[in-house]
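Survey of secondary and tertiary structure
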Amino acid sequence: MYKQYAAPMEGLTTWLWRRVHREVFGGADKYFTPFLSPNANLSFQKKELREVENNAGLTVVPQLLTARAEHFIWAARTLSDMGYREINLNAGCPAGTVTAKHKGAGLLRSPAELDRLLDGIFGALSDLRISVKTRIGCHADGEWDALVEVYRRYPIYELIVHPRVQKDFYGGVARREVFTRTAEKTALPLVYNGDVTAPDDPAFLGGAVMVGRGLLSDPALLRRSRGGAAASREELHRYHDALAQGYAAALGDEAALHRMWELWAYLIDAFPGGAPYLKRIRKCRSLTEYRPLAETIWNSLPLRWER
Ligand SMILES: Cc1cc2nc3c(=O)[nH]c(=O)nc-3n(C[C@H](O)[C@H](O)[C@H](O)COP(=O)(O)O)c2cc1C
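About the criteria used
Residues numbered from 1 in each chain as written. Predicted model: local features only at pLDDT ≥ 70, side-chain atom pairs only at ≥ 80, totals over all residues. Heavy atoms only, no water. Helix = DSSP H or I, 4+ residues; strand = E, 2+ residues; numbered from the N terminus. Rg over C-alpha atoms; globule rule 2.2 N^0.38 Å. Buried < 20%, exposed > 50% of the residue type's maximum accessible area, 1.4 Å probe, protein only. Contact = heavy atoms within 4.5 Å. Phe/Tyr/Trp six-rings, centres within 6.5 Å; stacked < 30°, edge-to-face > 60°. Lys NZ or Arg CZ within 6 Å of the ring centre and 35° of its normal. Arc of directions from axis to C-beta. Salt bridge = Lys/Arg side-chain N within 4 Å of Asp/Glu carboxyl O. Near = heavy atom within 4 Å. Polar contact = N/O pair within 3.5 Å; in protein donor to acceptor, adjacent residues only side chain to side chain. Areas by Shrake-Rupley, 256 points an atom, 1.4 Å probe, with all protein chains shown as cover. Nonpolar A, V, L, I, M, F, W, Y, C, P; charged D, E, K, R; others polar. Axes fitted to C-alpha atoms, helices over the stretch in contact; angles between N-to-C directions. Parallel < 35°, antiparallel > 145°, perpendicular 65-115°, else oblique. Left-handed = near helix turned anticlockwise from the far one by under 90°. Pairing = 2+ DSSP bridges. Right-handed = clockwise from strand over helix to strand, strands pointing away.

Looking now at the overall build of the protein chain. On a plain count of helices and strands, the protein chain comes out with 13 helices and nine strands. A compact globule built from 307 residues would reach a C-alpha radius of gyration of about 19 Å, and the protein chain, at 20 Å, matches this within 12%. In terms of principal-axis extent, the alpha carbons of the protein chain reach across some 55 × 40 × 35 Å. Sorting the 307 residues of the protein chain into buried and exposed places 54% on the buried side. In the protein chain, the share of contacts with a sequence separation of at least 24, taken over all contacts with a separation of at least 6, comes to 70%.

Dropping the structure here:
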């Protein structure tokens, strides 16, 4: 059976989302947390703890965003003590504030720096599974071969490749040919990530695949790729309500509203003709104002896969 992973997406694939997604749509083989940022304080923030303390019954991989081996090692040991078996390094975040500190995709600017970081991490944590989620460079895909040479030196548990460069952010199309070429040339345990949105995408037949935006636009995408049913209106409604209520209970109304805006930015794709509602959702100032709007979407718009 091919492996199917849910991508980390900050603000979206949260502790609550993972649980609700599994309950309603049957889940992914692994869920990755949005990045945690260990630093010199050697303590997790409350928000970060919430991500790693609420995962009973799910296979979850915590992701770390750092350029310092000692910070990674502290966090990985702490998470291992909590029961986590695999820890993921973020080598892909394209945000300027992150890359300026040589973190995320900023790690890819210098293969020598990446090598030093991996050397520190793997030297200290040989008893843990360390996976890496990486882009293929900063400016051009020509940078990738030198980065692969570095990755090949370490016993990386899985190398998840999002074949875009940092300066692409999330625009254009993923450079799938670069991934295919790498898979043909190396024995690295590769996982494909990028632009998988349809249940018949060939990436689902390639061994292991990680899906992000496609899964938020169609939460039953993984099930469909396995020949299962598309999301029903009732399932989507249940998924939505569990998220809205769960966020309101844990974070309060204002933060819950914010989380729902972000969710709808993708979920609206399930409802053709829904774009004008997205604008109205963005303008809601309270859950009381928001709820009837969400109900109108369920009750009046067709589902993309019902047409
Ligand atoms: C809003 C948003 C938040 C994201 N947060 C993270 C993150 O915390 N860690 C990470 O490694 N990637 C993050 N990503 C990147 C995704 O995990 C994924 O690599 C990217 O969206 C490409 O895959 P997709 O086309 O299946 O979405 C984020 C992407 C988006 C759009």
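Anyway, onward from the coordinates.
Looking now at the packing of aromatic side chains. In this description, a pair of aromatic rings is defined by centroid distance and the angle of the planes. The final tally for this structure, using the stated rule, is ten aromatic pairs. When the ring of Phe271 is compared with that of Trp298, the centres are 5.4 Å apart and the planes differ by 70°; the resulting orientation is edge-to-face. One end of the pair, Phe271, is in the loop between α11 (253-267) and α12 (275-283); the other, Trp298, is in helix α13 (residues 287-300), with 27 residues separating them in the sequence. Take Phe271: its relative accessible area is 1%, and that puts it in the buried class. Residue Trp298 is classed as buried on the basis of its relative accessible area, which comes to 2%. A connected cluster of aromatic rings, assembled from ring pairs, spans Trp264, Phe271 and Trp298. Its end group placed over the ring of Tyr170, Arg135 keeps NZ or CZ at 5.0 Å from the ring centre.

Let us look at helix α6 (residues 144-151). Those residues of α6 that fall on the buried side of the exposure criterion are Trp144, Leu147, Val148, Val150 and Tyr151. For α6, the buried positions fall inside an angular range of 155° around the axis, keeping them on one side. For α6, the secondary structure elements touched by its buried residues are β5 (86-91), α5 (111-124), β6 (129-134), β7 (159-161) and α7 (176-185).

Time to look at the pattern of salt bridges. Applying the stated criterion across every chain yields a total of 19 salt bridges. For Asp218, the salt bridge goes to Arg224, with nearest N and O atoms at 2.6 Å. For Asp218, a relative accessible area of 0% puts it in the buried group. Across the pair Arg233 and Glu306 runs a salt bridge, and its minimum N-O distance is 3.3 Å. Within this pair, whereas Arg233 is found in helix α10 (residues 233-251), its partner Glu306 is found in the segment after α13, the two being separated by 73 residues in sequence. Here Arg233 falls in the partly exposed class, since its relative accessible area comes to 27%. A residue is classified by how much of its surface remains accessible, and Glu306, at 47% relative accessible area, is partly exposed. Several salt bridges share partner residues, and in doing so they unite Lys30, Glu86 and Glu158 into one network.

So, on to the site of the ligand. Near the ligand there are 19 residues, and of these Pro8, Gln63, Asn193, Asp195 and Arg213 occur at the shortest range. Taking Pro8, its main chain carries an N or O atom lying 2.7 Å from an oxygen atom of the ligand. Protein coverage of the free-state accessible area of the ligand, which is 610 Å², stands at 89%. Classifying every residue of the shell around the ligand by side-chain character gives nine nonpolar, six polar and four charged.

Moving on to unusual backbone geometry. The phi angle at His102 is positive, at roughly 65°, despite the residue not being glycine. Assignment of secondary structure puts His102 in the loop between α4 (96-99) and α5. A positive phi angle is found at Phe169, which is not glycine, with a value near 45°. Tracing the backbone shows Phe169 in the loop between β7 and α7.

Further remarks concern the packing of α12 against α13. Closest axis-to-axis distance for the α12/α13 pair is 9 Å, and the angle between their directions is 165°. Considering their axes alone, α12 and α13 lie roughly antiparallel with respect to each other. Relative to α13, α12 is oriented so that their crossing is left-handed. Residue-level contacts link Tyr277, Arg280, Ile281 and Lys283 of α12 to Glu289, Tyr290, Leu293, Thr296, Ile297 and Ser300 of α13. A class-by-class count of the residues in the contact of α12 with α13 yields five nonpolar, two polar and three charged.

Residue placement: Asn55 occurs in the loop between α2 (46-53) and β3 (60-61). Residue classification places Asn55 among the buried positions, given a relative accessible area of 8%. Ignoring sequence-local partners within four residues, the contact set of Asn55 consists of Arg18, Val60 and Tyr84.

What follows is about the pairing of β6. Within β6, five of the six residues are buried, which leaves it mostly tucked inside the rest of the structure. Here β6 runs beside β7; their pairing, made up of three bridges, is parallel. If you follow Lys133 over to β7, its bridge partner there is Ile160. Crossover connection from β6 via α6 to parallel β7: handedness right-handed.

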